[in-house]
Structures are given as C-alpha cells and as structure tokens.
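# Topology and contacts: notes
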Amino acid sequence: MLVAAQVLSGAGLAAGITVGALLAQDLLGTGLSGLPSALFTIGSAAAAVLVGRLSQRWGRRAGLSLGYGAGALGSLGVVVAAALGSVALLFSALFVYGAGTAANLQARYAGADLAPEQHRGRAVSTVLMATTLGAVAGPNLATITGDLADALDIPRLAGPFLLAAAAYAAAALVLWVMLRPDPLLTARELAASAPQDTGARHRVTGVSGGGGRLVLGASVMVLTQLVMVGIMTMTPVHMQHHGHDVGAAGLVIAVHVAGMYLPSPISGLLADRFGRLPVATAAAVTLLAAGLLAALAPPHSVLLLALALGLLGLGWNFGLVSGTAIITDTVPLATRAKTQGTVDVAIAISGAGGGMASGLVVAGSGYATLTILGGALALAIIPAVAWTARTRSPESLA
C-alpha cells in the first residue's frame, strides 16, 4: 500500500515542479519566479516536523496520511488563487501544498523501517521507485490538465494542481485505510524482543561514530537538495524565455523526475553492496556534470537540457538514497521518526533557499551561472565523505 500511495503522490509532487515557477512568473515577474519552490519547500519543512512527530507517536500511517491530506488542500488553494489572481492566497496555498512533498519524502523512511540493515538501501530505493510512475506522468499531463483548466475557465497553469489535489487526496486515503500493520510500530515491537547487532551496522555502512554519521547523512541530503531545487526550478523559465512551450518544459521535467526516482534500485543496490560513502561521492560528481552540461547546452536543444536535468535527478537520487541509509542506520528506533523529521526540515530549508536564490541568480547573472555554481557547490560533499572515511573505526573496516 505504501508503493501505491507513492505512485499517486508522485503525480502531485510533479505539479509544483513543472508549472509553479511559470505561474509565479505570470503574477510576479522573473526575479521572483523561484518563490513558489521556496514557499512549498518552507511548507515542507514545517510539515516535516509535524509528520515526524505524529509518526513518532502514532506511526507512519497517521503522519503520512495527514501530510498528503494537507497537500491536497494546498493544491486546491493554488487553483483558487490562480482563478482569483490572488498573490496572498497563492503564497498561503503553496505553503500548505508543501506538506505533500514532506509526506512524499518521509515515506522513504517507512520503506526502511522493517528492512534488515544490509538491505536498507534497496528498501529505500523501492519506495522511491514507486514514485516514478506518477512523477513522470504528471509533467507530461501538463497540456491535458491545462485543457481541463480552460474548460473550467481558470488559468491553464493551474491545471496540474487539479491533478495534484486528486492525487494527494487518493494517496492519503490509501494509506489511512490500508497501511496496516504500521511499519514503524511493528519495527519497534520486533526490536524490543531482539538485541541490536552494532557490528553488522558498521560492516554495512562503512562509517562509525553516531554523531558523525548523522551529520554526514544530513549534509549529503541538504547539499543535493539545494543544488537540485535551484537548477530544476529555473529550467522551465529558462526554456520559456527561449521560445519553448510548457509541453517541452514538461518533457524535460519528466526526464528530470525519472532521473530522480527511476535509478533507485541501482543506487540502493550500490549503497548496500559498496557502502554509503562511494554513492554519496557519486552524487557530488554527477551533480557537477549536470550543472556543466546545463550551462553548455544550447537553449534551443531540448535533448541536451533533458539530459542535463536527467543527470541532475540522478545526482539527487544518489544523495538521497545514501543519506537516508546513513541516517536510518544511525538513529535508534526509539527516536527514529522524530530525528528523521528534523533532518527533513533541514533538507526542506535548503530547498527553499535554492528555490529562492535561483530566481535572483538567473535575473542577475543568467541560467549558466546558476548551473555552474550549483555543480561546484555539490563538490562540498566530497570533503565531508573523506573526513568521515578517515575517522571510521577499525571495526567498520571488517
């Protein structure tokens, strides 16, 4: 049932990615076109705390269902705001819409709750993979949902948010009715009757020192989110400025979202087989390649922009899978959901910063500057990984 909910929520997630910046550009101008991404990622940060705490107390079913339900309400609010031309309502609705993003991300932790540590990367990747179908289909439905919006006499760019409202509401219903038994509560019950094998944990992760692992896992996900959101947010705007329509932008974003989720089984297998640290390093290198390709791609080339955004999604995937596995390996079940929610707050805040800054950078210096800076920033992951590798214990080398 978790997989089914992720398929549905993927379509809801894609709406804000595809047309959020374009909708804001119509109302606010290019300099603030990164604001929707910032707003719904700030909303995601706030919701991550609530979803994490509810999950800690009542289980994943309650926390994730609430997050998706709030995302559905926010999506409807965006539609109403676009119809009324209300900037204030748009901002408020995008903030609430971010709750769906928070639930979508925290669902990956639910996938790992019952997985043995040596298969945790693959468990995370299974949940992420389930997001692919809806997330890839969502951007490609931009034209169809736009036609539906026309038929309802509302702005075309609000159309994808109609899809988001239905998708998030369906995901909430599926989880609330059918996610039984709850994976987190079940994992606690099982853990209460079995001793923890810390040696196995060190052999799987290849890292040691709880505090260091926690910081590393969070840092990898924060940096990859910052870079990914910044470049992703402004790519549809960049394309529109060079004559591409929303269908072309939707295609590029669909390739990007496929890169975010489709490689998950491979990245999960790599994280389990070779360790979390090599996959985190691969995230940095892949994001750098994405930024350079996006900067060098001719603006008229949909193919090269799609390839760059596909690499951007792949780098994010490497970072999310490896970082999530590190965090889940490190945090005990007694406080796992609460800590994971706190980490996701940092991830959401970094995404908000990336979304907000991206519009300002493009307005001031251009799209190529944004993508090169983003790729260079991703390289900060490598020193963090190297520091962790140097401080691991002899036991972790077993």
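Named according to an unreviewed UniProt entry, the protein chain is MFS transporter originating from Saccharopolyspora karakumensis. Under Subcellular location (unreviewed entry), UniProt gives the following word-for-word description of the protein chain: "Cell membrane".

## Considering helix α6 (residues 142-151)
Of all the residues in α6, the buried ones are A142, T145, G146 and A149. Taken end-on, α6 shows its buried residues confined to a sector of 105°, consistent with a single buried face. Turned more than 90 degrees from where α6 packs its buried face, I144 and A151 sit exposed. After α6 finishes, the residue D153 shows a positive phi value of roughly 60°.

## With respect to the nonpolar core
Counting 83 residues, the largest nonpolar core has L2, L64, Y68, F161 and L312 as the members making the most contacts within it. Counting the residues that make up this core, at least three belong to each of domain 1 (1-180) and domain 2 (209-391). The contact partners of L2, leaving out residues within four places of it in the chain, are L64, A107, A110, G111, V127, L175 and L179. Grouped together as the second largest cluster of nonpolar side chains are 9 residues, L216, V220, A280 and V385 included.

## Focus on the packing of aromatic side chains
Taken as a whole, this structure holds 4 aromatic pairs when the rule is applied. On the basis of an interplanar angle of 75° and a centroid distance of 5.5 Å, the ring pair of Y261 and W316 is categorised as edge-to-face. Residue Y261 is found in helix α11 (residues 246-261), and its partner W316 is found in helix α14 (residues 302-330); the two are separated by 55 residues along the sequence. Taken together, Y68, Y97, F161 and Y168 form an aromatic cluster joined through their ring pairs. The ring of W176 has R61 lying over it, and the distance from NZ or CZ to the ring centre is 3.9 Å. The residue whose ring lies beneath R108 is Y109, and the NZ or CZ to ring-centre distance is 4.1 Å.

## Focus on the side chain of S65
Secondary-structure assignment places S65 in helix α3 (residues 60-84). Using a relative accessible area of 8% as the deciding quantity, one classes S65 as buried. If we skip the residues at most four places from it in the chain, S65 touches R60, A172, L175 and W176.

## Some points on the environment of R188
With respect to the helices, strands and loops of the structure, R188 is situated in helix α8 (residues 183-192). With 75 residues separating them along the chain, R188 and D113 place their C-alpha atoms 8.9 Å apart. Residue contacts for R188: discarding those within four places in its chain leaves S55, Q56 and L333. A distance of 2.7 Å separates the side chain of R188 from the backbone oxygen of Q56, its partner in a polar contact.

## Focus: the packing of α6 against helix α7 (residues 159-178)
At a minimum axis distance of 7 Å, the contact between α6 and α7 shows a crossing angle of 100°. One finds that α6 runs roughly perpendicular with respect to α7. Residue-level inspection shows A142, T145, G146, L148 and A149 of α6 in contact with α7, the latter providing G159, P160, L162 and L163. Here the residues of the contact of α6 with α7 sort into 6 nonpolar, 3 polar and no charged.

## Regarding unusual backbone geometry
The omega torsion across R180 and P181 is 0°, close enough to zero to call that bond cis. As for its placement among the helices and strands, P181 is situated in the loop between α7 and α8. Positive phi values are uncommon outside glycine, yet D153 reaches one of about 60°. Assignment of secondary structure puts D153 in the loop between α6 and α7. D153 gets classed as exposed once you look at its relative accessible area, which sits at 71%.

Cut-offs used in this document
- Residues numbered from 1 in each chain as written.
- Predicted model: local features only at pLDDT ≥ 70, side-chain atom pairs only at ≥ 80, totals over all residues.
- Heavy atoms only, no water.
- UniProt positions renumbered as here; feature names shortened; annotations may be inferred.
- Buried < 20%, exposed > 50% of the residue type's maximum accessible area, 1.4 Å probe, protein only.
- Helix = DSSP H or I, 4+ residues; strand = E, 2+ residues; numbered from the N terminus.
- Arc of directions from axis to C-beta.
- Core = buried A, V, L, I, M, F, W, Y, C linked by side-chain atoms within 4.5 Å.
- Domains from an automatic or database assignment.
- Contact = heavy atoms within 4.5 Å.
- Phe/Tyr/Trp six-rings, centres within 6.5 Å; stacked < 30°, edge-to-face > 60°.
- Lys NZ or Arg CZ within 6 Å of the ring centre and 35° of its normal.
- Polar contact = N/O pair within 3.5 Å; in protein donor to acceptor, adjacent residues only side chain to side chain.
- Axes fitted to C-alpha atoms, helices over the stretch in contact; angles between N-to-C directions.
- Parallel < 35°, antiparallel > 145°, perpendicular 65-115°, else oblique.
- Nonpolar A, V, L, I, M, F, W, Y, C, P; charged D, E, K, R; others polar.

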